[in-house]
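Fold and contact review
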Amino acid sequence: MELDQLLDSAYQRTADLFERMPKVEYKTSLDLENLPVDAKTWHRLDDLVAVFFDLKSSTNLEKGRRPASTASIYDAGVGGVVKILEAFDADFVDIQGDGGFGLFWGEARYERAMCAGISIRTFSTDFTQKLEHKWPEAPSTGFKVGIASGSILVKKVGLPRHLDLQEPVWAGRPVNYAAKAAQQTDPEHILVTGSVWDEIEDNDFLAFSCGCSDGKPDAVSPSLLWEERTLDKIPDDERFGQALNSGWCTIHGEEFCTAILAGETKRAGVMEKALHSRNLLASGSVEKNEASKRRRRAREEFRTEFTQERFRQLRSLLDELSR
């Protein structure tokens, strides 16, 4: 290897790319298989939901344990989460050691992402219990989950003739903010950023409990499941998020999951007290109210810009084809 030649090539590539701005194509969906490799074209998606998961205290799980035992823990844990993401039709999954993320776009992206996140939270409890039963001395663990959303730029980077050296690069806030949310939580709480909460807060199946208590069905009135949480590592209005301390109910979980995926949002039996609690959560402080308004306004402005740019690009394509 000629080091000077390698670095000179990298320096020149940087200069060339900075000199000529890439083309950005606005997309409503992505075809990852056909993304060109190392092309000067990025695809922009208007809205994507990222579910990030991270295994707590994973480094300590290796201490005093045979390699085969450590491998079985990773395989059971991370492998189980991947199966969950696949079951809810994640459009892309990336594994990063003891964690990773699933990306959702297109139809029902928020519903699929939230059901996946809650399922990971539910699975995490069982995984931890089985691990502690097998290795009582193991450190406390479980999967931390963060969920974020927003627009994204994507392109595939790698060597053109080496499929194993090609990966999509996701440039934007969703993956980054979902990771930061996961870093700030624990396996008992799912953290969602402000824009995710904006999209799901009116869904009764996500907002309120089913009413079961100690395994007894419909023993108490449904109550609000969420509490405010400020995500300190996130620098903008997305930091005003919410925390969910609940997995799927063993009695009503499948019913609620099916309803959410079917697009249902309203439930009978939610009492005025619970609805009032959600209204109070929505009102919040002046600062949080203003942040919510800015998020919604920015989302609408971007959607308008996105639609106009999509129309401009389609019209340009039609003009080329008609020549």
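The rules behind the values
Residues numbered from 1 in each chain as written. Predicted model: local features only at pLDDT ≥ 70, side-chain atom pairs only at ≥ 80, totals over all residues. Heavy atoms only, no water. Helix = DSSP H or I, 4+ residues; strand = E, 2+ residues; numbered from the N terminus. Contact = heavy atoms within 4.5 Å. Areas by Shrake-Rupley, 256 points an atom, 1.4 Å probe, with all protein chains shown as cover. Lys, Arg positive; Asp, Glu negative; His and termini not counted. Charge placed at Lys NZ, Arg CZ, Asp CG, Glu CD. Axes fitted to C-alpha atoms, helices over the stretch in contact; angles between N-to-C directions. Parallel < 35°, antiparallel > 145°, perpendicular 65-115°, else oblique. Left-handed = near helix turned anticlockwise from the far one by under 90°. Nonpolar A, V, L, I, M, F, W, Y, C, P; charged D, E, K, R; others polar. Core = buried A, V, L, I, M, F, W, Y, C linked by side-chain atoms within 4.5 Å. Buried < 20%, exposed > 50% of the residue type's maximum accessible area, 1.4 Å probe, protein only. Patch = residues over 30% accessible without salt bridge, like charges linked within 9 Å, V, L, I, M, F, W, Y side chains within 5 Å. Salt bridge = Lys/Arg side-chain N within 4 Å of Asp/Glu carboxyl O. Pairing = 2+ DSSP bridges. pLDDT = per-residue confidence, 0-100.

Within the chain, the secondary structure is distributed over nine helices and nine strands. Projected onto its principal axes, the C-alpha positions of the chain cover 70 × 55 × 35 Å. In the chain, once contacts between residues fewer than 6 apart in sequence are set aside, the share between residues at least 24 apart is 71%. Entry remark: accessible area of the chain is about 17,800 Å², with carbon and sulfur atoms responsible for 51%. Seen as two clouds, the 42 positive and the 53 negative side-chain charges of the chain have centres 2 Å apart.

Bringing the packing of helix H3 (residues 109-134) against helix H7 (residues 253-261) into the picture now. Contact pair H3 / H7: the axes reach a minimum separation of 9 Å and the direction vectors enclose 160°. In terms of their interaxial angle, H3 and H7 are classed as roughly antiparallel. In the crossing of H3 with H7, the sense of the turn from one axis to the other is left-handed. Between H3 and H7, the contacting residues are Glu111, Arg112 and Cys115 on the first element and Cys257, Ile260 and Leu261 on the second. In terms of residue class, the contact of H3 with H7 is made up of four nonpolar, no polar and two charged.

Ranked by size, the top nonpolar core spans 43 residues in total, and within it Phe104 and Ile147 carry the most contacts. Within the residue set of this core, elements represented by two or more residues are strand S2 (41-55), helix H2 (67-87), H3, strand S5 (143-158), strand S7 (190-192), helix H5 (194-200), helix H6 (204-207) and H7. Sort the elements by how many residues they give to this core and H3 lands first, with nine residues. For Phe104, the residues in contact, after removing those within four places along its chain, are Leu48, Val49, Val51, Leu85, Phe88, Asp89, Ala90, Asp91, Arg109, Arg112, Ala113 and Ala116.

Let us now look at a nonpolar patch on the surface. Residues Leu3, Leu6, Leu7 and Tyr11 make up a contiguous nonpolar surface patch of roughly 390 Å² in combined accessible area. Structurally, Leu3 is set in helix H1 (residues 3-19).

What sets the pattern is the α-helix's 3.6 residues per turn: residues three or four places apart point alike. All of the buried residues along helix H4 (residues 173-183) are Pro174, Val175, Tyr177, Ala178, Ala179, Ala181 and Ala182. On the buried face of H4, the contacting elements are S2, strand S4 (99-104), S5, strand S6 (166-171) and S7.

Here we take up the pairing of S6. Only one face of S6 is covered, namely the face carrying Gln166, Pro168 and Trp170; the face carrying Glu167, Val169 and Ala171 is uncovered. Both S5 and S6 contribute to a ladder of six bridges, which runs antiparallel. The residue of S6 that forms the bridge with Val157 is Glu167.

Here the structure, examined in full by the defined rule, presents 22 salt bridges. Glu199 serves as the salt-bridge partner of Arg303, at 3.7 Å between the closest nitrogen and oxygen. One end of the pair, Arg303, is in helix H9 (residues 286-322); the other, Glu199, is in helix H5, with 104 residues separating them in the sequence. Close ionic contact of Glu227 with Arg229 constitutes a salt bridge, the shortest N to O distance being 3.2 Å. Assessed through its relative accessible area of 22%, Arg229 is described here as partly exposed. It is possible to trace a salt-bridge network through shared partners that takes in Asp47, Arg109, Glu199, Arg299, Glu300 and Arg303.

With that settled, consider the environment of Lys40. Tracing the backbone shows Lys40 in the loop between strand S1 (23-27) and S2. In this structure the C-alpha to C-alpha distance between Lys40 and Met21, which are 19 residues apart in sequence, comes to 8.1 Å. Discounting residues that sit within four places of it in the chain, Lys40 has contacts with Leu17, Arg20, Pro22 and Lys23.

Turning our eyes to something else, we now look at the packing of H2 against H3. For any two helices packed against each other, one specifies the inter-axial angle together with the distance between the axes. Between H2 and H3, the least distance of the axes is 9 Å, while the angle of their chain directions is 160°. Here H3 runs roughly antiparallel to H2, going by the angle between their axes. For H2 against H3, the interelement crossing comes out right-handed. Mapping the contact onto sequence places Ile73, Ala76, Gly77, Gly80, Val81, Ile84 and Leu85 in H2 and Ala116, Ser119, Ile120, Phe123, Phe127 and Leu131 in H3.

So, on to the pairing of S5. Note on strand geometry: in a regular strand, side chains alternate between the two faces of the sheet. For S5, a buried count of 13 out of 16 residues is recorded, marking the element as mostly surrounded by other parts of the structure. With 11 bridges joining them, S2 and S5 adopt antiparallel strand pairing. Directly across from Val49, in S5, lies its bridge partner Ser149. Strand direction decides the pairing type here: S5 and S7, joined by three bridges, are parallel. Paired with Gly146 across the strands is Leu191, a residue of S7.

Of the residues in the chain, 97% have a pLDDT of 70 or more, and the chain-wide mean is 90. Taking the mean pLDDT of every element in the chain, the minimum, 86, falls on H1 and the maximum, 98, on S7.

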